[in-house]
Amino acid sequence: MAETAGSSSKTFAEKQADRMARLKQLHNQRNEARASNHQEVVAEHERKKLPANWEARQRQAEWLMGDLKARTEAEEKGLDYNRVKMLNVSAAEADRIDKLKAKKRNADPGFSDYEAQTARQYNRLVKAMPPRDLAKYEEQKEKYGNAFYGGPNVILQGLHKDTPAAIDNMVKDLEGQIAKRKKFSRRRTHNDDADIDYINEKNARFNKKLERFYGEHTAEIKQNLERGTAI
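Predicted, not measured: the structure shown is a model, and the values here were computed from it.

A.B. asks: Would you mind going over the overall build of the chain in detail, with residue names and values included?
C.D. replies: For the chain, the helix and strand inventory stands at nine helices and zero strands. Along its sequence from the N terminus, the chain presents helices and strands in the succession α-α-α-α-α-α-α-α-α. For the chain, with 231 residues in total, the buried portion stands at 4%. Look at the contacts in the chain between residues 6 or more apart in sequence, and 11% of them connect residues 24 or more apart.

A.B. asks: Please set out the confidence of the model for the chain residue by residue, giving values where relevant.
C.D. replies: On average, residues of the chain carry a pLDDT of 80, and 90% of them reach 70 or more. Across the chain, helix α8 (residues 164-182) holds the top mean pLDDT of 87, while helix α1 (residues 2-8) sits lowest at 51.

A.B. asks: Please provide a residue-by-residue account of a negative patch on the surface, values included.
C.D. replies: A cluster of acidic side chains, namely Asp133, Glu138, Glu139 and Glu142, defines a negative patch on the protein surface. By secondary structure assignment, the location of Glu138 is in helix α7 (residues 134-144). By relative accessible area, Glu138 is classed as partly exposed at 45%.

A.B. asks: Can you tell me about helix α3 (residues 54-76), naming the residues and giving the values?
C.D. replies: Along its 23 residues, α3 runs 33 Å from first to last C-alpha, staying within 8% of the 33 Å computed at 1.5 Å per residue. Following α3 by one or two positions, Gly78 has its phi on the positive side, about 75 degrees.

A.B. asks: Tell me about the packing of aromatic side chains, and name the residues and values.
C.D. replies: Summed over all chains, the structure comprises one aromatic pair. Measuring from ring centre to ring centre gives 6.5 Å for Phe213 and Tyr214, while their planes differ by 50 degrees; the resulting arrangement is tilted. Judged by its relative accessible area of 51%, Phe213 falls in the exposed class.

A.B. asks: Could you give an account of the pattern of salt bridges, naming the residues involved and the relevant values?
C.D. replies: Applying the stated criterion to the full structure yields two salt bridges. Across the pair Arg71 and Asp67 runs a salt bridge, and its minimum N-O distance is 3.9 Å. One end of the pair is Arg71 and the other is Asp67, both in helix α3 and four residues apart, which spans about a single turn. Arg71 gets classed as partly exposed once you look at its relative accessible area, which sits at 29%. Here Asp67 falls in the buried class, since its relative accessible area comes to 15%. A salt bridge links Lys99 to Asp95, with the shortest nitrogen-to-oxygen separation between them at 3.5 Å. Here Lys99 pairs with Asp95, and both are found in helix α5 (residues 91-105), just four residues apart, close to one helical turn. By relative accessible area, which is 39% here, Asp95 ends up partly exposed.

Criteria and cut-off values
Residues numbered from 1 in each chain as written. Predicted model: local features only at pLDDT ≥ 70, side-chain atom pairs only at ≥ 80, totals over all residues. Heavy atoms only, no water. Helix = DSSP H or I, 4+ residues; strand = E, 2+ residues; numbered from the N terminus. Buried < 20%, exposed > 50% of the residue type's maximum accessible area, 1.4 Å probe, protein only. Contact = heavy atoms within 4.5 Å. pLDDT = per-residue confidence, 0-100. Patch = residues over 30% accessible without salt bridge, like charges linked within 9 Å, V, L, I, M, F, W, Y side chains within 5 Å. Areas by Shrake-Rupley, 256 points an atom, 1.4 Å probe, with all protein chains shown as cover. Salt bridge = Lys/Arg side-chain N within 4 Å of Asp/Glu carboxyl O. Lys, Arg positive; Asp, Glu negative; His and termini not counted. Charge placed at Lys NZ, Arg CZ, Asp CG, Glu CD. Expected span 1.5 Å × (residues − 1). Phe/Tyr/Trp six-rings, centres within 6.5 Å; stacked < 30°, edge-to-face > 60°.

Below you can see the structure in the form of structure tokens.
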């Protein structure tokens, strides 16, 4: 009741002053919001001028600075930084890092020349070989003597006999290579004896597409047109 009486007892000038104060406060808030929006627009415009990988480069730079700082602190304390860093890495993260390193080491550069292709196939076949039996290796080395390493004047034919398991592995590998070759799609050569029903390469591809989808439904109509018996 006292507050109601106090508010009702205000003069018109005091009420007008309160309204003007609130209006000025709203005006200031609007100006602050406008300035903030303008700053965001300018910042967004500046970000668009930066390279596409700017954020990634910035994160990388921050990580390098942090890594250098941590390495310096570890060296000042006389600690091995690599060991300290690995103590803070989980097993899953360490496994992921090892896989990334292995992928970089064994990156597939693609076909460059036939010599490199042969070397890649040789390395692939060597990796696929089972672990060597060292006991059998020493036994063969003692059995064949100097012929074990071969040489220009050494006849190796007849000294070694392949086991049935080794022959089966070779056959299995050859069958796998044959099956892999069948999956390759080779480009079809041009058939000079085929009927020419196109005016250019684009039209030829379009006709092949029509034949693939509607050939079985329009075969009779096409034959009638070719014979001249179509109605």
